[in-house]
Amino acid sequence: MTRRLADVAKYAGVSEATVSRVLNSRSGISDSTRDAVLATLDDSGYEQPVKLRGQRPRLVGLVLPDLLNPIFPVFADVVGGALVRKGFMPVLCTRTDGGVSEADYISMLLGQQVSGVIFAGGDYARADADHNHYRVLLHRRLPVILMNAATDGLGFSRVSADDEVAVAKAYGHLRSLGHERIGIIVGPAAHVPSQRKLQAFPGDPKLAEHAILSMEGGHFAASQMIEWGATGLICASDMLALGAIRGARRNGLNVPDDVSVVGYDDSALMTCADPPLTTIRQPIEAMGQAAVSLLAAEAADSPAAPHELLFDPELVVRRSTAPRRKSRPS
């Protein structure tokens, strides 16, 4: 029991004495600290004393497009942990093909009287999507934070990786290796983060290709780029980059000897790719903490005018990039 309480204290960021005071309903504990301890107890499976079971933590929806892209489970882990430490209980909502839509999840979350919602990717990032459920949230004055670029006019605060900095770092890296024919592969034309990356691309606009955000999309787009003579490829996600590597190989080329590839996200297992992927790392820990802090401030009736916090991403150099060869096999 003592060890379990020590674990709860560590995860909630408080002392064991504070956990004991909460369990015994002692005074002198702030509401936020009490909520954080109760949420951590629930999260760890600890059975609360009967007298505490009515004191439920506040619910916050965490809405993700899916869990197939390995970057989203990382977002869920960081944001979920930060929410618990702030006294909230995260409710994970992930969409599946043919399953519950984002708008359906919002309707269910509102029915549970959630204290706020954090989106890590979703319809807000697509200019051609239905945004009515966001307007419902805005009308309800519910605290909402959007992770990464969103279409204009939604009225919520955003926490984003700086796409302009990301492209500049990837492009500068490839140029430093002697690559002159540098292409960029981004998501669909209506995808706002992809629009930002494309606008920041300083290379030949003819060497820019839209694709489905998947390995298959990266494979097809890379084949087109290789036909056009590109020796360096900047990809808007790690999944696109892995597809681009496969596309290069299907065209008889080697990565990085013939074609250098840069990804985006630094999602799990990119060190295990063949070759290990050079990529732009989103500062997920800092972004997740900031998103939860903004939401907590809004939930405490300290709302600020909607704004966007930009975080600089980091270039992580591995073995999918190398100096350009003087000639490439035909």
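Predicted model, so just to flag it, every value in this text is computed and none were measured.

## Some thoughts on the overall build of the protein chain
Next up, step 1: On a plain count of helices and strands, the protein chain comes out with 11 helices and 12 strands.
Next up, step 2: Principal-axis analysis of the C-alpha atoms gives the protein chain an extent of 75 × 45 × 35 Å.
Next up, step 3: Out of the 330 residues belonging to the protein chain, those deemed buried represent 54%.
Next up, step 4: In the protein chain, the share of contacts with a sequence separation of at least 24, taken over all contacts with a separation of at least 6, comes to 70%.
Next up, step 5: Of the accessible surface of the protein chain, which amounts to about 15,300 Å², a share of 50% is contributed by carbon and sulfur atoms.
Next up, step 6: Both charge centroids of the protein chain, one from 34 positive and one from 36 negative side chains, sit 4 Å from each other.

## Some thoughts on unusual backbone geometry
Next up, step 1: Here Val255 and Pro256 are connected by a cis peptide whose omega angle stands at 15°.
Next up, step 2: Looking along the chain, the bond that leaves Asp274 and enters Pro275 is cis, with omega of 0°.
Next up, step 3: If you trace the backbone, Pro275 turns up in the loop between strand 9 (260-265) and strand 10 (278-281).
Next up, step 4: Residue Asn148 is not a glycine yet carries a positive backbone phi of 75°.

## Here we look at the pattern of salt bridges
Next up, step 1: Within the structure shown, the criterion is met by 11 salt bridges.
Next up, step 2: One salt bridge in this structure joins Glu308 and Arg196, with 3.0 Å as the shortest N-O distance. In this pair, Glu308 is assigned in strand 11 (residues 308-311) and Arg196 in helix 8 (residues 192-200), connecting sequence segments 112 residues apart.
Next up, step 3: Residues joined by salt bridges that share partners form a network here, namely Asp266, Arg281, Glu314 and Arg318.

## Details of the pairing of strand 1 (residues 58-64)
Next up, step 1: Burial analysis of strand 1 places 5 of its 7 residues in the buried class, which makes it a mostly covered element.
Next up, step 2: Here 7 bridges tie strand 1 to strand 2 (residues 88-94), and the two strands are oriented parallel to one another. Looking at strand 2, one finds that Leu62 is bridged to Leu92.
Next up, step 3: Following the chain from strand 1 across helix 4 (residues 71-85) to the adjacent parallel strand 2, one finds a crossover that is right-handed.
Next up, step 4: Of the pairings in the sheet, the one linking strand 1 to strand 3 (residues 116-120) comprises 4 bridges and is parallel in character. When the bridges of strand 3 are listed, Val63 appears paired with Phe119.

The rules we used
In this convention, every chain numbers its residues from 1, walking through the sequence in written order. Where totals are concerned, whole chains, interfaces and linings use all residues; where local detail is concerned, this predicted model gives features only for residues with pLDDT of at least 70, and gives and counts side-chain atom pairs only at 80 or more. Hydrogens and waters are ignored; side-chain quantities use all the structure's heavy atoms. Secondary structure counts use DSSP, requiring at least four H or I residues in a row for a helix and at least two E residues in a row for a strand, with both numbered from the N terminus. The buried label applies to any residue whose accessible area, calculated with a 1.4 Å probe on protein chains only, is under 20% of its type's maximum; exposed applies above 50%, and partly exposed to all values in between. Every residue pair with non-hydrogen atoms within 4.5 Å of one another is taken to be in contact. Only the protein chains shown count as cover for residues, and all accessible areas are computed by the Shrake-Rupley method using a 1.4 Å probe. For the purpose of counting charges, residues Lys and Arg are taken to be positive, whereas Asp and Glu are taken to be negative. His and the chain ends are not included. To locate a charge, take NZ of a lysine, CZ of an arginine, CG of an aspartate or CD of a glutamate. Should a side-chain nitrogen of Lys or Arg be within 4 Å of a carboxyl oxygen of Asp or Glu, the pair is scored as a salt bridge. Strand pairing is defined by DSSP finding a minimum of two bridges between the two strands. Handedness of a crossover is defined as follows: orient the strands so they point away from the viewer, and if the path from the first strand over the helix to the second runs clockwise, the crossover is right-handed.

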